[in-house]
Amino acid sequence: MVSVAEVKVSEDLRNADLYLSLYSEKENFNKEDCFKQLYKYKSHIKYKIGNGLKLKYIPKINFKLSDDYEYYDKINRILKNDE
């Protein structure tokens, strides 16, 4: 599963950092391979974002890894063990 955890846009709206959370219950899940696939479709994603926004410039997209799901999963496991 890929979720956008956060988006940071530069003041001039020309650059956007998309912080993505990647999660899978599969043991053979490789985050690097997932990122490679996302970069293959980066121009298509930018096109789709451009269709939804009415801006003079469409921001350049930079994907960054967020560890939100791992953090929440760790907290959940700790809480479940305490019960």
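Residues numbered from 1 in each chain as written. Predicted model: local features only at pLDDT ≥ 70, side-chain atom pairs only at ≥ 80, totals over all residues. Heavy atoms only, no water.

A.B. asks: I'd like a rundown of the overall build of the protein, residues and numbers included.
C.D. replies: Regarding its fold elements, the protein presents 3 helices and 3 strands. Reading the secondary structure of the protein in the N-to-C direction produces β-β-α-α-β-α. A globule of 83 residues ought to have a C-alpha radius of gyration of about 12 Å, yet the protein, at 16 Å, is considerably larger. Sequence-distant contacts in the protein: of pairs separated by 6 or more residues, those separated by 24 or more amount to 51%. Accessible surface, the protein as shown: approximately 6,900 Å² in total, 50% of it carbon and sulfur. (Helix = DSSP H or I, 4+ residues; strand = E, 2+ residues; numbered from the N terminus. Rg over C-alpha atoms; globule rule 2.2 N^0.38 Å. Contact = heavy atoms within 4.5 Å. Areas by Shrake-Rupley, 256 points an atom, 1.4 Å probe, with all protein chains shown as cover.)

A.B. asks: If you had to explain the environment of Lys 46 to someone new, which residues and values would you point to?
C.D. replies: The topology assignment puts Lys 46 in helix 2 (residues 42-52). Sequence separation between Lys 46 and Ala 16 is 30 residues; the distance between their C-alpha atoms is 10 Å. Beyond its immediate stretch of four places on either side in the chain, Lys 46 contacts Ile 58, Pro 59, Lys 60 and Ile 61.

A.B. asks: I'd like a rundown of unusual backbone geometry, residues and numbers included.
C.D. replies: The phi dihedral of Leu 13 is positive, around 65°, even though this residue is not glycine. Relative to the helices and strands, Leu 13 is located in the loop between strand 1 (2-9) and strand 2 (15-22).

A.B. asks: Kindly report on the pattern of salt bridges, identifying the contributing residues and their values.
C.D. replies: Taken as a whole, this structure holds 1 salt bridge when the rule is applied. Here Lys 64 ties to Asp 17 by a salt bridge, and the two come within 3.9 Å at their closest N and O atoms. With Lys 64 in strand 3 (residues 60-66) and Asp 17 in strand 2, the pair connects residues that are 47 residues apart, well separated along the chain. We classify Asp 17 as buried; its relative accessible area is 18%. (Salt bridge = Lys/Arg side-chain N within 4 Å of Asp/Glu carboxyl O. Buried < 20%, exposed > 50% of the residue type's maximum accessible area, 1.4 Å probe, protein only.)

A.B. asks: Outline the nonpolar core, supporting the account with residue identities and numerical values.
C.D. replies: Listed in full, the 9 residues of the largest apolar core are Ala 16, Leu 18, Leu 20, Leu 22, Cys 34, Phe 35, Leu 38, Ile 61 and Phe 63. For this core, the secondary structure elements donating two or more residues are strand 2, helix 1 (31-40) and strand 3. With 4 residues, strand 2 is the largest single contributor of residues to this core. Sequence-distant contacts of Phe 63, that is, excluding residues within four places in its chain, are made with Leu 18, Leu 20, Phe 35, Leu 38, Tyr 39, Lys 42 and Ile 45. (Core = buried A, V, L, I, M, F, W, Y, C linked by side-chain atoms within 4.5 Å.)

A.B. asks: If you had to explain the sheet that holds strand 2 to someone new, which residues and values would you point to?
C.D. replies: Pairing is mixed in the open sheet, where 3 strands are placed in the order 1-2-3. Strand pairing shows two members of the sheet lacking a second neighbour, strand 1 and strand 3, which therefore form its edges. Averaged over neighbouring strand pairs, the angle between their axes works out to 30° when direction is ignored. Two elements, strand 2 and strand 3, share 7 bridges in a ladder whose sense is parallel. Paired with Ser 21 across the two strands is Ser 66, which belongs to strand 3. Across the sheet, helix 1 lies against strand 1, strand 2 and strand 3, angled at about 165° from strand 3, the strand it touches most. (Pairing = 2+ DSSP bridges. Axes fitted to C-alpha atoms, helices over the stretch in contact; angles between N-to-C directions.)

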